[in-house]
Amino acid sequence: MKSAGNPLFSVAQREAAILAPYAFPSTASQGRKHPEAEHAYRGPFQRDRDRILHSSAFRRLSGKMQVFTGDRGDYHRTRLTHTHEVASIARTIGRALRLNEDLIEALALFHDLGHPPFGHAGEDALNDCLRDHGGFSHNRFALTVVEELEQRYASFPGLNLTREVLAGQLTRADKTPAGELKQTELAPLLEVQVVEAADSMTYDAHDTDDAVKLGLVTLDELAELPLVHSARQAVHESVGVQSPAIERKCVVHALIDRQVSDILQTAAEFLATRGQLSWLEMQKSTFRVQPSLSLAPAKRELETFLYSRVYRHPQLLDVRAQAQERLQKMFNQLCRQPSQLPPAYQRRAERVGIERAAGDYLAGMTDRFCDQEFERLCG
Ligand code: MG
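Source: prediction; values computed, not measured.

**Q** Account for the nonpolar core, with residues named and values stated.
**A** The biggest cluster of nonpolar side chains holds 78 residues, and the ones touching the most others in it are Phe110 and Leu113. Excluding its chain neighbours within four sequence positions, the residues that come into contact with leucine 113 are Ile52, Ser55, Ala57, Phe58, Leu61, Ala142, Val145 and Val146.

**Q** Report on the layout of surface pockets, specifying residues and quantitative values.
**A** Roughly 530 Å³ of volume is contained in the second largest pocket. If you trace the second largest pocket, you find 25 residues lining it, with Glu38, His39, Arg42, Gly43 and Pro44 closest to the centre. Secondary-structure elements contributing two or more residues to the lining of the second largest pocket are helix H1 (11–18) and helix H2 (44–53). Residue composition of the lining of the second largest pocket, grouped by class: nine nonpolar, 11 polar and five charged.

**Q** So what's going on with empty space enclosed by the protein? Residues and values would help.
**A** What the rule picks out here adds up to two cavities of 30 Å³ or more. For the largest cavity, the calculated volume is near 60 Å³. Lining the largest cavity are Leu107, His111, Gly168, Gln169, Arg172, Val192, Val195 and Glu196. Counting residues per element, the ones that place at least two in the lining of the largest cavity are helix H8 (163–173) and helix H9 (190–213). Roughly 30 Å³ of internal volume is contained in the second largest cavity. What lines the second largest cavity is simply Tyr22, Leu97, Leu99, Leu190, Ala267, Leu271, Phe287 and Val289. When grouped by side-chain class, the residues that make up the lining of the second largest cavity number eight nonpolar, no polar and no charged.

Definitions and limits used
- Residues numbered from 1 in each chain as written.
- Predicted model: local features only at pLDDT ≥ 70, side-chain atom pairs only at ≥ 80, totals over all residues.
- Heavy atoms only, no water.
- Core = buried A, V, L, I, M, F, W, Y, C linked by side-chain atoms within 4.5 Å.
- Buried < 20%, exposed > 50% of the residue type's maximum accessible area, 1.4 Å probe, protein only.
- Contact = heavy atoms within 4.5 Å.
- 1 Å grid on protein atoms, 1.4 Å probe; cavity = no way out; pocket = protein on both sides within 12 Å on 5 of 7 lines; lining within 4 Å.
- Points joined across faces, edges and corners; volume = space filled by probe spheres on them.
- Helix = DSSP H or I, 4+ residues; strand = E, 2+ residues; numbered from the N terminus.
- Nonpolar A, V, L, I, M, F, W, Y, C, P; charged D, E, K, R; others polar.

See the structure below:
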């Protein structure tokens, strides 16, 4: 494998040694819009991961809410910690399946980069503001961020990510109104599907944890759902109940473990006979990385519960209403007085229109900066 005298594996050698036939190898990459020379020791998807990690938009995820705003303390998830949990779970699945972990990690760190302040409330508000100008989707905005808004390199705008990472995010942007990946002739790469599955199991687990910790629902109420009930049973049988806090955390671990095991088991059944398929043959196959038929209904039940009892909890509806009202007012104010935008966004308005430029400016804000800017613009 290694050439004589050189103790280091190249990325291609390492991938040839460990990736499954159906994993997407770096050597198959279609490259970047602005051609660049290969890096001496990092593969194309490692470079994408690093570019995302070093971007300003990525750092701002630490100031963006997942479900709960910062005034509820420091325990619960932010958009940044959610992103890292997704990357961790997706890599675990990817490694077990011998997929391309570098591609998975880049896709996972990228997946929520376009989230506006105040989560889905912010997204709905911006979509409303821009309804006559193409609407707003955080998944699509992530592409705008990495293709146009981030300015980090001398020779091209954006991050110049590989076509595979951009295409992976585009499948998220093209999701159906119900939030599912569209059925297309060619399925997304397995690496893309793994990140999608990991995202969903991650928020199911951590929103359950945060909601109980913050007192919006009790574990007893959640345990009326089959998925949480069986996770709790597994905890009681393995370690017992030492304290409510440890019980809650162990149930969350069990929820993740149950879902990851289910995905891997389902995949293993297919791969037992079709494990020699290439990545392209896999895209043409009927196989999808998704929960088994036995787990899927229980998972949907948990998500329905979280939606009605947590995401639409009266205490969160107030935050939601306030965030939406503020974003709408700021948007109107910026459209009336474009000179209130930073110079870069004033120039952007000349190219894309004031509405889109104002929307892009608002979408990039952290929750805290959004509150500060509200005081400046409308206070
Ligand atoms: Mg996510």
